[in-house]
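Inside the fold
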Amino acid sequence: MPAINIAIVGVGNCASSLVQGLSYYREGANETVGLMHWDLGGYKPTDINVVAAWDIDQRKVGKDVAEAIFAKPNCTTVFCETVPPTGTKVQMGHVLDGVAEHMSDYDDHRTFLLAHEKEASKAEVVAALRETKTDVLMNYLPVGSQAASEFYAECALEAGVAFVNNIPVFIASDPIWAERFTKAGVPIIGDDIKAQLGATIVHRVLTDLFAKRGVKLERTYQLNTGGNTDFLNMSNHRRLASKKISKTEAVQSVAAERLHDDNVHIGPSDYVPWQNDNKICFLRMEGTMFGGVPMNLELRLSVEDSPNSAGVAIDMIRCAKLAKDRGLAGPIDAASAYFCKHPRIQMTDDLAAQAVDEFIAVAAE
């Protein structure tokens, strides 16, 4: 199979885990535990190459991606210490709303330090995507970066590059954007990546279980804390609107009956610096069982946030490439439903898994 060339927007913790993972899972280096698919439609993780990257932090711009992924304020677990140079230098990105004002109130090692470089223009980004023969553009911008995400989505459209929207800015699930990608003949997967085994996927599965076992879910909350730049960015609640919608709809969509807004609370709760990239979820679900007898469930989940998404991202990249190979355009609904919190079409996770397996099987024929 040919290589899959990817470009990355936002060389933060998630990008760090992705790039580390591409090195960690090089053929024969380690066991393949942690991957949902080793071979996906003929493509392996070793087929993925990083050929372009953009960021706005002075500690990353101008560095090889293999070096930039370990620069501050990144704080995720280093599970692959030796990442060979990629030959790809991080370019200065286009800021727009990618950096929240409150980020400047924190210590340098916790926040972004804006590089004193000329910002990339749309023409320059498009040219870079074309020159590097990029297949898939990965959006890893901070939550709330609506204008910046749309800027890079425009670049993907013009360059004819598949777009994977990992963040809760609604593009794949927005009818206008979906139609634009369809008309342009460009595939898109999104919006808002689900972790491999994170708070939302666990909450969804349990909500679906309540429905299937005849237990009426009456109230629930999901409270999350963490200490990475994602949680620091989201400590400004004005950047949280789409995130709360995305996470809440992911759960509401599999409930037997939609909960009243007063009875469901899902979203980031607090920034705890010493947690770094560790995310802790406190989950509570209250319901009524046989005979009207009440019950409740409480769960505490602790995960390293960014590696928890990287394996999913590797599958999204390969599904996006398969879609591109097949000449598909617009939202790739099976992959979006299985891998994302806010797809255009919501499905239960078992149905989404079946749909994505069928998509892979057809693509591999």
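Use the structure listed above.
Throughout, residues of each chain are indexed from 1 in the direction in which the sequence is written. Where totals are concerned, whole chains, interfaces and linings use all residues; where local detail is concerned, this predicted model gives features only for residues with pLDDT of at least 70, and gives and counts side-chain atom pairs only at 80 or more. The side-chain numbers reported here are obtained from all heavy atoms of the structure, hydrogens and water having been left aside.

On to the packing of helix H4 (residues 146–159) against helix H5 (residues 175–184). One way to put it is that H4 packs onto H5 with a least axis distance of 10 Å and a crossing angle of 20 degrees. Comparing the axis directions of H4 and H5 gives the class roughly parallel. Between H4 and H5 lies a crossing of left-handed hand. Of the residues in H5, those in contact with Glu 150, Ala 153, Glu 154 and Leu 157 of H4 are Trp 177, Arg 180, Phe 181 and Ala 184. As a working rule, the residues Ala, Val, Leu, Ile, Met, Phe, Trp, Tyr, Cys and Pro are called nonpolar, Asp, Glu, Lys and Arg charged, and the rest polar, with Gly in that last group. Here the residues of the contact of H4 with H5 are counted per class, giving 5 nonpolar, no polar and 3 charged. A fitted line through C-alpha atoms serves as each axis, taken over the contacting stretch for helices, and the angle formed by two N-to-C directions is quoted from 0 to 180°. Runs of E in the DSSP output that reach at least two residues are strands. Runs of H or I that reach at least four are helices, and both are numbered from the N terminus. To sort the angles, those under 35 degrees are grouped as roughly parallel, those over 145 as roughly antiparallel, those from 65 to 115 as roughly perpendicular, and the leftovers as oblique. Crossings are assigned a handedness: left-handed for a near helix turned anticlockwise from the far helix by less than a right angle, right-handed for a clockwise turn. Any two residues having at least one pair of non-hydrogen atoms within 4.5 Å are treated as being in contact.

As a further point, take unusual backbone geometry. Backbone torsion omega between Lys 72 and Pro 73 reads 10 degrees, so that peptide bond is classified as cis. Along the chain, Pro 73 falls in the loop between helix H2 (65–68) and strand S3 (90–92). Cis peptide bonds are those with omega within 30 degrees of zero, and the linkage from Gly 190 to Asp 191 qualifies with 10 degrees. Tracing the sequence through the fold places Asp 191 in the loop between strand S6 (187–189) and helix H6 (199–212).

Here we come to helix H1 (residues 13–24). Its 12 residues give H1 an end-to-end C-alpha distance of 16 Å, which sits within 8% of 16 Å, the value for a rise of 1.5 Å per residue. A large share of H1 lies buried, amounting to 10 of its 12 residues. Relative accessibility under 20% of the residue-type maximum defines a buried residue, over 50% an exposed one, and the middle range a partly exposed one, all with a 1.4 Å probe and only protein chains included. Buried within H1 we find Asn 13, Ala 15, Ser 16, Ser 17, Leu 18, Val 19, Gln 20, Gly 21, Leu 22 and Ser 23. On its buried face, H1 sits against strand S1 (4–9), strand S2 (48–55), H2, helix H7 (229–233) and helix H9 (307–325). To estimate the expected span of a helix, subtract one from its residue number and multiply by 1.5 Å.

With that settled, consider the nonpolar core. Ile 6, Ile 8, Leu 18, Ile 189 and Cys 319 are the most contacted members of the largest nonpolar core, which has 47 residues in total. With 9 residues, H9 is the largest single contributor of residues to this core. For Cys 319, the contacting residues outside a window of four places in its chain are Leu 40, Ile 189, Ala 335, Phe 339, Val 356, Phe 359 and Ile 360. We call a set of buried Ala, Val, Leu, Ile, Met, Phe, Trp, Tyr and Cys residues a nonpolar core when their side-chain atoms join them within 4.5 Å. Core analysis: the next-biggest nonpolar cluster, separate from the first, contains 29 residues, Tyr 152, Ala 156, Val 161 and Ile 167 among them.

For the rest of this paragraph, the subject is the sheet that holds strand S10 (residues 294–304). Overall, mixed pairing links the 4 strands, which are arranged S8-S7-S9-S10 in an open sheet. What marks the edges here is a single partner per strand, and that holds for strand S8 (264–271) and S10. Taken over all neighbouring pairs, the strand axes of this sheet differ in orientation by 10 degrees on average, direction set aside. Across 10 bridges, strand S7 (residues 216–226) lies against strand S9 (residues 278–288) in antiparallel orientation. Looking at the pairing, Arg 219 lines up with Glu 286 of S9. When DSSP finds at least two bridges between two strands, those strands are taken to pair.

Counting through the fold element by element, Thr 200 comes out in helix H6. The exposure class assigned to Thr 200 is buried, which follows from its relative accessible area of 4%. Contacts of Thr 200, omitting those with residues within four sequence positions, involve Gln 222, Lys 247, Ala 250 and Lys 341.

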